[in-house]
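Observations on chain architecture
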Amino acid sequence: MSRTSLPKDFLWGFATASYQVEGAPAEDARGDSIWDVFCRIPGKIAGNENGDIACDSYHRYKEDVKLLKDMGARAYRFSISWSRVIPLGGREDPVNQKGLQYYIDLVDELLANGIEPMVTLFHWDLPQGLERYGGLLNKEEFVADYAQYSRIIFQALGDKVKYWVTFNEPWCSSILGYNEGVFAPGRTSNRSKSSVGDSSTEPWLVGHNLLIAHGAAVKIYREEFKPTQKGQIGITLNGDWVEPWDPEDPKDIEACQRKLEFAISWFGDVVYFGDYPESMRKQLGDRLPRFTPEEKDLVQGSNDFYGMNHYCANYIKHRSGEPEPEDYLGNLESLLVNKEGQEIGPVTQSPWLRPHAVGFRKLLKWISDRYGRPAIYVTENGTSLKGENDLSKEEILEDDFRVWYFKEYVTAMAEAYTHDDVDVRGYMAWSLMDNFEWAEGFETRFGVTFVDYHNGQQRFPKKSAKAMKGLFDSLMRES
Ligand code: PNW
């Protein structure tokens, strides 16, 4: 058996997203996104926080690049704030050259420091202006606006950017934004949370529209830009690993597969096979939209690589009886403890996140097998620490738990590469620095760099920041 390793040209680095780090919400004529508006509703965000300052990366991007360089990173995944580039968002609306210039400067700074940019076009922050027609719910308008936005970005940055992610985690936009209502725009059937929304239908429409918009952007890239720019484009899907609550119960084992299909294949099967998984059609019936032949052609085969976000695992217990119309899990329970009373992994600050590294190896293999051994770029992986925000700065910098997490997960990934024939080519740790953790505000930290929010957003590398290079150096070798 060969020694566990990674390819010597493996692309590793760190990730962030625009609304979580940039701040400067109105500077240089940026328009509001749905997150700016959502944060203004009292009670939606822990501590009623918002991204108005965040890490101040709009002004400090050179420091960010220096952090990356000092850590030895080879790549940086960041996202573009659509409403910085087109403040009102639409295809007829004016383009804001100053907003665009920020990203040109960031890319130039990265390249000048030998760091490969990976650009996410959409990390949840839809221009608020597009809510005039219903935003992600309006297929015709949204797809056309996203297509034109993506064209503008390819034109401006495509000579220098070789890795493109169309959408980050469409599952989160759909389910958390339109079913649970805990993310912008906060629509849900739960009338204690929102006066508008239908959890039984809207998430499936939104997912559908995101897939078609992804296909439209990929077509534009491949026809108009890829021949000369020679980059690669794909969508990033989130997915956690699953283990049966009762390994003896065939229904729990079946439910595990169904959970993966509802979470991952909802999008993955359409991109690779051209239609939704059978298990979803069976449960959702006509609430799950159908693709026209043209739409199917657009989306099928639209990934140059598979973008994978992965954090944790769950125990899965089947449910008997009819699923609720609001159910999005696949008629099952997702649990942290199994029948024997064992926990899936240690507690973190994020209620949903329990580290279980062997699940990373298993899920890499599952994705590779299901989709015909695609090239995989892990576009996010990382952890929060229980109570980290309550510690002193000196204590925060000693983040041994995060060091342990990355060692476990990166090793599990290298095992999938070495022993399971998974074609994994890159890995972006989440995150370069502590940042605005959506509905959890600034209480939850995911960074390898401590950001001191009370002292002008100064950055201090944690132990995990220093451990990363050694970890990858020990694994990357001639294969
Ligand atoms: C990802 N969940 O989001 C996002 O891409 C990042 O922006 C985010 O900061 C990071 O993970 C850490 O949370 C997720 O509830 C948010 O299962 C929530 C869930 C999963 C992913």
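Source: prediction; values computed, not measured.

1. What to know about the overall build of the protein
Scanning the protein from terminus to terminus reveals 15 helices and 13 strands. Against the compact-globule benchmark of 23 Å for 479 residues, the protein has a radius of gyration of 21 Å, which places it among compact chains. Taking the principal axes of the C-alpha coordinates as reference, the protein spans close to 55 × 50 × 50 Å. Each of the 479 residues in the protein was classed as buried or not, and the buried ones make up 61%. Surface exposure of the protein reaches about 17900 Å², of which carbon and sulfur atoms provide 49%. Side-chain charges of the protein comprise 55 positive and 74 negative groups, with the mean position of each set lying 3 Å from the other.

2. Description of the pairing of strand β2 (residues 75-79)
Most of β2 sits out of view: five of its five residues are buried. Residues A75, R77 and S79 point to one face of β2 and Y76 and F78 to the other, with burial holding for every one of them. By the bridge criterion, three bridges tie strand β1 (residues 11-15) to β2 in an arrangement that is parallel. Looking at the pairing, A15 lines up with R77 of β2. As paired strands, β2 and strand β3 (residues 116-120) are joined by five bridges and run parallel to one another. Paired with A75 across the strands is E116, a residue of β3.

3. Topic: the site of the ligand
Around the ligand, the structure places 13 residues, and the nearest of them are Q20, H123, E380, E437 and W438. Within the side chain of H123, one N or O atom sits 2.8 Å away from an oxygen atom of the ligand. A class-by-class count of the residues in the shell around the ligand yields six nonpolar, four polar and three charged.

4. Observations concerning the packing of aromatic side chains
What the rule picks out here adds up to 52 aromatic pairs. When the centroid spacing of 4.7 Å and the interplanar angle of 55° are considered together, the rings of W204 and W266 count as tilted. Of this pair, W204 sits in helix α8 (residues 202-229) while W266 sits in helix α9 (residues 250-273), placing them 62 residues apart in sequence. For the pair W204 and W266, one class covers both residues: buried. Taken together, the ring pairs in this structure connect Y19, W35, F38, W124, F183, F436, W438, F442 and Y453 into an aromatic cluster. The ring centre of Y58 lies 4.1 Å from the NZ or CZ of R84, which sits over that ring.

5. Some details on the side chain of S194
The topology assignment puts S194 in the loop between α7 (170-178) and α8. S194 sits in the buried class, given a relative accessible area of 10%. At 2.6 Å, the side chain of S194 forms a polar contact with the backbone oxygen of V196. Those residues within four positions of S194 in sequence are excluded, and the remaining contacts are G186, R187 and T188.

6. Some remarks on the environment of L136
Tracing the backbone shows L136 in the loop between β3 and α6 (139-157). Sequence-wise, L136 and E202 are 66 residues apart; in three dimensions their C-alpha atoms are separated by 9.5 Å.

7. So, the sheet that holds β3
The parallel closed barrel is built from eight strands, whose spatial order is β1-β2-β3-β4-β5-β7-β10-β11. Averaged over all pairs of adjacent strands, the angle between their axes in this sheet comes to 25°, without regard to strand direction. Both strand β7 (residues 306-309) and strand β10 (residues 376-380) contribute to a ladder of four bridges, which runs parallel. The residue bridging N309 from the neighbouring strand is E380, located in β10. Contacts between helix α5 (residues 97-112) and the sheet are confined to β2 and β3, with β2 contributing the most and set at about 170° to the helix.

8. So, the pattern of salt bridges
Inspection of the entire model under this criterion finds 37 salt bridges. Between D93 and R132 there is a salt bridge, with the nearest N and O atoms lying 3.0 Å from each other. In this pair, D93 is assigned in the loop between α4 (82-85) and α5 and R132 in the loop between β3 and α6, connecting sequence segments 39 residues apart. On the basis of relative accessible area, R132 is assigned to the exposed category, the value being 51%. Via salt bridges that share partners, E388, D399, R402, D434, R445 and K462 belong to a single interconnected network.

9. Regarding the packing of helix α14 (residues 400-419) against helix α15 (residues 463-475)
Packed helices, taken two at a time, are described by the angle their axes make and the gap between the axes. Following both chains from N to C, one finds α14 and α15 inclined at 20°, their axes separated by 9 Å at the closest point. The angle between α14 and α15 falls in the class roughly parallel. The handedness of the crossing between α14 and α15 comes out as right-handed. Where α14 abuts α15, its residues D400, R402, V403, F406, K407, V410, M413 and A414 lie against K463, S464, A467, M468, L471, F472 and L475. Class assignment of the residues belonging to the contact of α14 with α15 gives a composition of ten nonpolar, one polar and four charged.

10. Some points on the nonpolar core
Here is a general trend for soluble globular proteins: nonpolar side chains tend to be buried in one another's company. In this structure, W35, M413 and Y427 are the most contacted members of the largest nonpolar core, which totals 155 residues. The biggest single contributor to this core is α8, with twelve residues. In contact with Y427, other than residues within four places in its own chain, are F10, L11, W12, G13, F360, V378, N381, F406, V410, M413, M468 and F472.

11. Topic: the environment of A73
Note on placement: A73 falls in the loop between α3 (57-71) and β2. With 61 residues separating them in the primary sequence, A73 and W12 have C-alpha atoms 6.3 Å apart. What A73 contacts, discounting residues up to four positions off in sequence, is W12, G13, F14, L68 and I115.

Thresholds, definitions, all that
- Residues numbered from 1 in each chain as written.
- Predicted model: local features only at pLDDT ≥ 70, side-chain atom pairs only at ≥ 80, totals over all residues.
- Heavy atoms only, no water.
- Helix = DSSP H or I, 4+ residues; strand = E, 2+ residues; numbered from the N terminus.
- Rg over C-alpha atoms; globule rule 2.2 N^0.38 Å.
- Buried < 20%, exposed > 50% of the residue type's maximum accessible area, 1.4 Å probe, protein only.
- Areas by Shrake-Rupley, 256 points an atom, 1.4 Å probe, with all protein chains shown as cover.
- Lys, Arg positive; Asp, Glu negative; His and termini not counted.
- Charge placed at Lys NZ, Arg CZ, Asp CG, Glu CD.
- Pairing = 2+ DSSP bridges.
- Near = heavy atom within 4 Å.
- Polar contact = N/O pair within 3.5 Å; in protein donor to acceptor, adjacent residues only side chain to side chain.
- Nonpolar A, V, L, I, M, F, W, Y, C, P; charged D, E, K, R; others polar.
- Phe/Tyr/Trp six-rings, centres within 6.5 Å; stacked < 30°, edge-to-face > 60°.
- Lys NZ or Arg CZ within 6 Å of the ring centre and 35° of its normal.
- Contact = heavy atoms within 4.5 Å.
- Axes fitted to C-alpha atoms, helices over the stretch in contact; angles between N-to-C directions.
- Salt bridge = Lys/Arg side-chain N within 4 Å of Asp/Glu carboxyl O.
- Parallel < 35°, antiparallel > 145°, perpendicular 65-115°, else oblique.
- Left-handed = near helix turned anticlockwise from the far one by under 90°.
- Core = buried A, V, L, I, M, F, W, Y, C linked by side-chain atoms within 4.5 Å.

Coordinates in, geometry out; function isn't part of it.
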